[in-house]
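Topology and contacts: notes
Listed below are the residues making up each chain.
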Amino acid sequence: MILDGKCPSGPIEKTWDKHRFDLKLVNPANKRKYKVIMVGTGLAGGAAAASLGELGYNVEAFCYQDSPRRAHSIAAQGGINAAKAYPNDGDSIYRLFYDTIKGGDFRAREADVWRLAQVSNNIIDQCVAQGVPFARDYAGYLDNRSFGGAQVSRTFFARGQTGQQLLLGAYSALSRQIKAGSVKMYNRTEMLDLIVIDGVAKGITIRDMVTGEIRAHMGDAVCLATGGYVNVFYLSTNAMGCSVTANWKAHKKGAFFANPCYTQIHPTCIPQTGDHQSKLTLMSESLRNDGRCWVPKKKEDCGKHPNDVPEDDRDYYLERKYPSFGNLAPRDIASRAAKAQCDDGRGVGPGGRGVYLDFATAIKRVSEGTIKERYGNLFEMYEKITDENGYKRPMRMYPAPHYAMGGLWVDYNLMSNVPGLFVLGEANFSVHGANRLGASALMQGLADGYFVIPYTIGGYLAGIKPGDYSLDNPEVKKSIDEVHANIKKMFSLKGKKTVSEIYRALGKVMWENVGMARSAASLKTALAEIPKLRDEFWNNVNITGDGGEFNQQLENAGRVADFLEFAELLSKDALVREESCGGHFRVEHQMPDGEAKRNDADFCHVAAWEFKGVGKEPELHKEPLKFDNVHLAVRSYK
Amino acid sequence: MSDHNSNTMNLTLQVWRQKGPNAPGKLETYEAKHVSPDMSFLEMLDEVNETLIKKGVDPIAFDHDCREGICGMCSQVVNGVPHGGQDRTTVCQLHMRSFKDGDTIFIEPWRARAFPVIKDLAVDRSALDTIIQAGGYVSCHTGGVADGNAILIPKPEADYAMDAAECIGCGACVAGCPNGSAMLFTSAKVAQLAVLPQGKAEAATRVNAMTEALKECGFGNCTNHYECQASCPKGINVKFIAKLNREYLKAIAN
Ligand SMILES: Cc1cc2nc3c(=O)[nH]c(=O)nc-3n(C[C@H](O)[C@H](O)[C@H](O)COP(=O)(O)OP(=O)(O)OC[C@H]3O[C@@H](n4cnc5c(N)ncnc54)[C@H](O)[C@@H]3O)c2cc1C
Ligand code: SF4
Ligand code: FES
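Residues numbered from 1 in each chain as written. Chains lettered and ligands numbered in written order. Predicted model: local features only at pLDDT ≥ 70, side-chain atom pairs only at ≥ 80, totals over all residues. Heavy atoms only, no water.

1. Structural notes on the overall build of chain A
Scanning chain A from terminus to terminus reveals 16 helices and 19 strands. In terms of C-alpha radius of gyration, chain A reaches 24 Å, essentially the compact-globule figure of 26 Å for 638 residues. The dimensions of chain A, computed from C-alpha atoms along their principal axes, are 75 × 60 × 50 Å. Out of the 638 residues in chain A, the part that is buried amounts to 68%. Restricting the contact set of chain A to residue pairs at least 6 apart, pairs at least 24 apart contribute 74%. Total accessible area computed for chain A in this model is approximately 20,800 Å², and 51% of it derives from carbon and sulfur atoms. (Helix = DSSP H or I, 4+ residues; strand = E, 2+ residues; numbered from the N terminus. Rg over C-alpha atoms; globule rule 2.2 N^0.38 Å. Buried < 20%, exposed > 50% of the residue type's maximum accessible area, 1.4 Å probe, protein only. Contact = heavy atoms within 4.5 Å. Areas by Shrake-Rupley, 256 points an atom, 1.4 Å probe, with all protein chains shown as cover.)

Next up, the structure:
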């Protein structure tokens, strides 16, 4: 099937305005008759639930943490982009649009990206109005910084805790609606299935994580804003509870999964210290504004104290390879460059898997006090984890899985191919193409939540009868029974392996074979190993306790079981995509100098996969991508 | 290689186990063996849980998510101190290098009337959400707001607001307070919004509603022990409590 993204046509600058005007409206008096199920209340879901509640819809919202304020959006450090052009440095909506298309290596839809750039400015205004304490200069104006991959200063920030402050802004708006009664919030509740009736999404099946109760919630539309899936690599910068579960359950009920192989590896994370490691901590890439990446030129210097390696014996590899972007080269490029230095035997720290990020030059230029003001909390965090002082000796960094550009396929209205199922934020595949630029995910989450879904969901709801669902529908019982049966089966296995052991093994397979660099051979290895691990899980896992109680092992087991299925799709997508683009690097497809080599003739499309059964060959659908405004060109950061 | 300490240690844990909110709880003893100093406190507990599962014992339940000190989900009293007492550090950021071989470590949940135990070390903190719902927001609509630079905010005020806004909502201040008061948590939000021009219009109703909610949720009164600040992993300052009191007086004077 050739998929249609339903992008509006005509001059790009007019597309969103025209589309918004063309969308049908729901009569204000009727809005409260429509119930919207919002799964996930991070930036995307929190903003959406608040805005829909405010419009008068009846919203039920769900999250797995004990409060919406804890969604993993909270961890974003660096900042959020907007095309305000306050610094007068040549930025514009068009430039943000252009940079995002190019940064995504020409694998995103133009119209979606345009809309994102257009509403970016509203987001900043909205957050300021909510009381988000963005950084200000001494005159009281909003401050900006430049961020990976951009040559203009368009990033707004709140110290090193931008995500926290934006999320708390959305959480406050959401709290206001909860108090007003327009949103009913269900904390510690995990979605374990999507309910589809006659081909239309009408509800979800959840597990109350405190009591273990399994029940269904029905509505006129279901939105998933459940975040990204890079915990498929086990170690990542995501929170422990981040999973593909909501997306995967929806996929198994018919929603297409788009571009699962587009995963982003972040260049600056604190290196792993041992097998006990449970997660990796990101150090904001804003550090690359002042930090210089280097490794020793000579292998024998790698064991030395970094301050004992003379200047002439240091290889500032990013500055050398990418003179015009230097240390600010985009993430995928910076990550692969770090790996290349380590593969060459010139890495530092445990296992030789690390590069230095050195602030000595910046401290000399602007003083230690200024660096502290800019990144104090990051230096503190680094010291807590490593016991090393980043002001006195260079930090050690290594790339780690960080962000999922892939996600459920959605059209321009953020609706999946299953009518009534909308997908927002990192959970969808839409705007970042094959690589996301820094400070653009927060922007997307809030754009989707505050300024896109409130319009587009109206267009859908206006066309359907409200309340057209019932808990008595046989599909509801079927879904609940399936969830029960799945849990029962897990408890019945009583095997010898813990969930974590199998999860770690999966992570190792994925990181080694489907991580920063992929080849047909490595992907085939992964595709052979994953089903074995899945079998091991379903025959030999041991989960104690029972389902009718607070049981974190059970929660974890459910998520790992879904990763064990999803990992296969991700690897398959990577194998089929015979090109390198953005975060997807196939070693067979590279330029003589090691740069990624795209294949626009064969792969200038979105790959959207249809589920056909566990272990069965999924069916590939394509959505061709057209570039009418940005010239399809080789991405160069030299 | 870096000069990391690779000596492992053996520890004895005394962990609070409680099946559910109404079940009795007690301390159980567990051994944590071959603990690397580079492990985080929660990674140490992960390893203990792995050995428990292998023995068929129900693992220790504890809340956590980001494991980088920002989500506020982790919540353990370690050796009598919320988050373990290391300066500006959540328990998920506490590393084992601050313990030594042979140590006995006591691990308990937040204890406060407003935070019933769910299981073992996990407690119910929804009362903190209730306080925010009472008024911890600016009542602006989505869309139709002024340009971000339309109202200038002097840097000292923006910085003051940010200092207060760093609160992660963990509840350690409540656990550390002899009265189980949530004053520090509440004052941080009140102060953030009271200092910003955007929040000023509702300052009086906000402080009234939020302090009212504090009482209704079963939190104790603040009697200036300042244990909250000592327990707070984000260094939230008790000066915000003074600010709340001023805002409160202003509100009732009007
Ligand atoms: C360490 C880190 C730093 C980052 N820094 C930046 C940055 O500086 N700038 C930037 O733009 N981006 C950054 N990002 C990316 C950005 O933070 C995320 O992409 C974005 O916040 C995702 O928002 P979201 O609302 O889509 O998902 P999330 O915030 O992850 O929210 C997901 C929600 O879904 C819920 N949920 C998930 N599964 C289920 C289920 N099965 N049932 C019920 N509820 C469920 C969760 O409880 C949560 O409420 C960073 C990411 C990380 C990890
Ligand atoms: S004030 Fe400090 S201790 Fe209290 S909830 Fe906020 S961060 Fe936690
Ligand atoms: S787990 Fe998030 S702050 Fe500790």
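2. Notes on the overall build of chain B
Scanning chain B from N- to C-terminus turns up nine helices and seven strands. Taken along the three principal axes of its C-alpha coordinates, chain B extends 60 × 50 × 35 Å. Counted over contacts in chain B with a minimum sequence separation of 6, partners at least 24 positions apart contribute 70%. Of the accessible surface of chain B, which amounts to about 9,900 Å², a share of 51% is contributed by carbon and sulfur atoms. Distance between charge centres in chain B, computed from 24 positive and 29 negative side chains, equals 4 Å. (Lys, Arg positive; Asp, Glu negative; His and termini not counted. Charge placed at Lys NZ, Arg CZ, Asp CG, Glu CD.)

3. Digging into the domain arrangement of chain B
Residues and elements named next belong to chain B. Each assigned domain of chain B is listed with its residue range as follows: domain 1 (9-118) and domain 2 (126-253). Centre-to-centre, using C-alpha coordinates, domain 1 lies 29 Å away from domain 2. Contacts between domain 1 and domain 2 engage 16 residues on the former and 18 residues on the latter. For the pairing of domain 1 and domain 2, the buried interface totals around 1,300 Å² over both sides, and the portion due to carbon and sulfur atoms is 62%. Taken as a group, R88, A114 and F115 account for 37% of the area that domain 1 buries against domain 2, more than any other trio of residues on that side. For the pair domain 1 and domain 2, the number of links is three residue pairs in polar contact (both at pLDDT 80 or more). For the side of domain 1 that touches domain 2, a count of residues per class yields eight nonpolar, five polar and three charged. (Domains from an automatic or database assignment. Buried area = accessible area lost by both parts, 1.4 Å probe. Polar contact = N/O pair within 3.5 Å; in protein donor to acceptor, adjacent residues only side chain to side chain. Nonpolar A, V, L, I, M, F, W, Y, C, P; charged D, E, K, R; others polar.)

4. With respect to the pattern of salt bridges
Per the counting criterion, the structure on display carries 78 salt bridges over all chains. Between E212 of chain B and K215 of chain B there is a salt bridge, with the nearest N and O atoms lying 3.7 Å from each other. Highlighted residues: E212 of chain B and K215 of chain B, both in helix α7 (residues 203-216), separated by three residues, approximately one helical turn. The exposure class of E212 of chain B is partly exposed, given its relative accessible area of 39%. You can call K215 of chain B exposed: its relative accessible area is 51%. Residues participating in the shared-partner salt-bridge network are D105, R107, R577, E579, R598 and D600 of chain A. (Salt bridge = Lys/Arg side-chain N within 4 Å of Asp/Glu carboxyl O.)

5. Points about the site of ligand 2
Residue and element names in this part refer to chain B. Taken together, C167, I168, G169, C170, G171, A172, C173, L184, F185, C232, P233 and I236 make up all the residues around ligand 2. Those elements giving two or more residues to the shell around ligand 2 turn out to be α4 (172-176) and α5 (183-195). In terms of residue class, the shell around ligand 2 is made up of 10 nonpolar, two polar and no charged. (Near = heavy atom within 4 Å.)

6. Some points on the domain arrangement of chain A
Residue and element names in this part refer to chain A. Here chain A is partitioned into domain 1 (267-401) and domain 2 (481-614). Of the roughly 760 Å² buried between domain 1 and domain 2, counting both surfaces, carbon and sulfur atoms make up 60%. Broken down residue by residue, the surface that domain 1 buries against domain 2 is led by D332, R336 and K339, which jointly contribute 52%. Where domain 1 packs against domain 2, one counts zero salt bridges. Joining domain 1 to domain 2, the criterion identifies three residue pairs in polar contact (both at pLDDT 80 or more). Contributing elements (two or more residues each) for the side of domain 1 that touches domain 2: α8 (331-343) and β15 (395-404). Here the side of domain 1 that touches domain 2 takes five residues from α8, the largest share from any one element.

7. Structural notes on the confidence of the model for chain B
Scored by pLDDT, chain B comes out at a mean of 96, with 98% of its residues at no less than 70. For this predicted complex, the interface score ipTM comes out at 0.97, while the overall pTM is 0.97. (pLDDT = per-residue confidence, 0-100.)

8. Details of the sheet that holds strand β12 (residues 292-296) of chain A
Residue and element names in this part refer to chain A. As summarised here, the arrangement of the five strands in space is β11-β15-β14-β12-β13, forming an open sheet in which the pairing is antiparallel. Strands with a single pairing partner mark the edges of an open sheet, and in this sheet they are β11 (263-269) and β13 (314-315). Inspection of the sheet shows β12 paired to strand β14 (residues 355-358) by three bridges, in the antiparallel sense. Residue pairing in the sheet places R292 in a bridge with D358 of β14. (Pairing = 2+ DSSP bridges.)

9. A short note on the site of ligand 1
Residue and element names in this part refer to chain A. Taken together, 37 residues are adjacent to ligand 1, and Q65, S73, M191, E426 and L442 come closest. Broken down by secondary-structure element, the contributors of at least two residues to the shell around ligand 1 are α2 (43-55), β6 (189-197), β15 and α11 (441-461). Looking at which element gives the most residues to the shell around ligand 1, the answer is β6, with three residues. Looking at the shell around ligand 1 residue by residue, the classes come out as 17 nonpolar, 17 polar and three charged.

10. Here we look at helix α15 (residues 552-576) of chain A
Residue and element names in this part refer to chain A. With 25 residues, α15 should reach 36 Å at 1.5 Å per residue; the first-to-last C-alpha distance of 36 Å fits that figure. Where α15 bends most, the angle comes to about 25°, and this point is E565. When you tally the buried positions in α15, you get 22 out of 25 residues, the bulk of the element. (Expected span 1.5 Å × (residues − 1). Bend = angle between axes of the 7 residues up to and from the residue.)

11. A short note on the interface of chain A and chain B
In many reports, interface size means the accessible area that the parts give up when they come together. If you look at the interface, chain A gives 85 residues, while chain B gives 81 residues. Around 6,800 Å² of area is buried between chain A and chain B when both sides are counted, 49% of it from carbon and sulfur atoms. Among the residues of chain A in contact with chain B, R70, R159 and K384 of chain A are the three that bury the most area, contributing 10% of the side total. Taken together, the connections running from chain A to chain B amount to 13 salt bridges. For the salt bridge of E68 of chain B with K279 of chain A, the shortest nitrogen-to-oxygen distance reads 2.6 Å. Only α2, α4 (110-130), α5 (162-180), α10 (368-386), α11, α13 (499-514) and α15 of chain A provide two or more residues apiece to the side of chain A that touches chain B.

12. Description of the packing of aromatic side chains
Residues and elements named next belong to chain A. Under the definition given, this model contains 29 aromatic pairs over all chains. The rings of Y229, W248, F257, F566 and F611 are connected pair by pair, giving a single aromatic cluster. When the ring centre of Y455 is taken as origin, the NZ or CZ atom of R20, which lies over that ring, is 5.3 Å away. Lying across the ring of Y316, R292 places its NZ or CZ 3.8 Å from the centre. (Phe/Tyr/Trp six-rings, centres within 6.5 Å; stacked < 30°, edge-to-face > 60°. Lys NZ or Arg CZ within 6 Å of the ring centre and 35° of its normal.)

13. What about helix α3 (residues 93-103) of chain A?
Each turn of an α-helix holds 3.6 residues, which means side chains three or four residues apart point in the same direction. Residue and element names in this part refer to chain A. Within α3, the full set of buried residues consists of L96, F97, D99, T100, I101, K102 and G103. Along its buried surface, α3 packs onto α4 and α11. Two residues or fewer past α3, D105 is found with a positive phi of approximately 55°.

14. Some words on the side chain of S146 of chain A
With respect to the helices and strands, S146 of chain A occurs in the loop between α4 and β4 (155-156). The contacts of S146 of chain A, once residues within four sequence positions are left out, are V152, S153, N289 and L328 of chain A.

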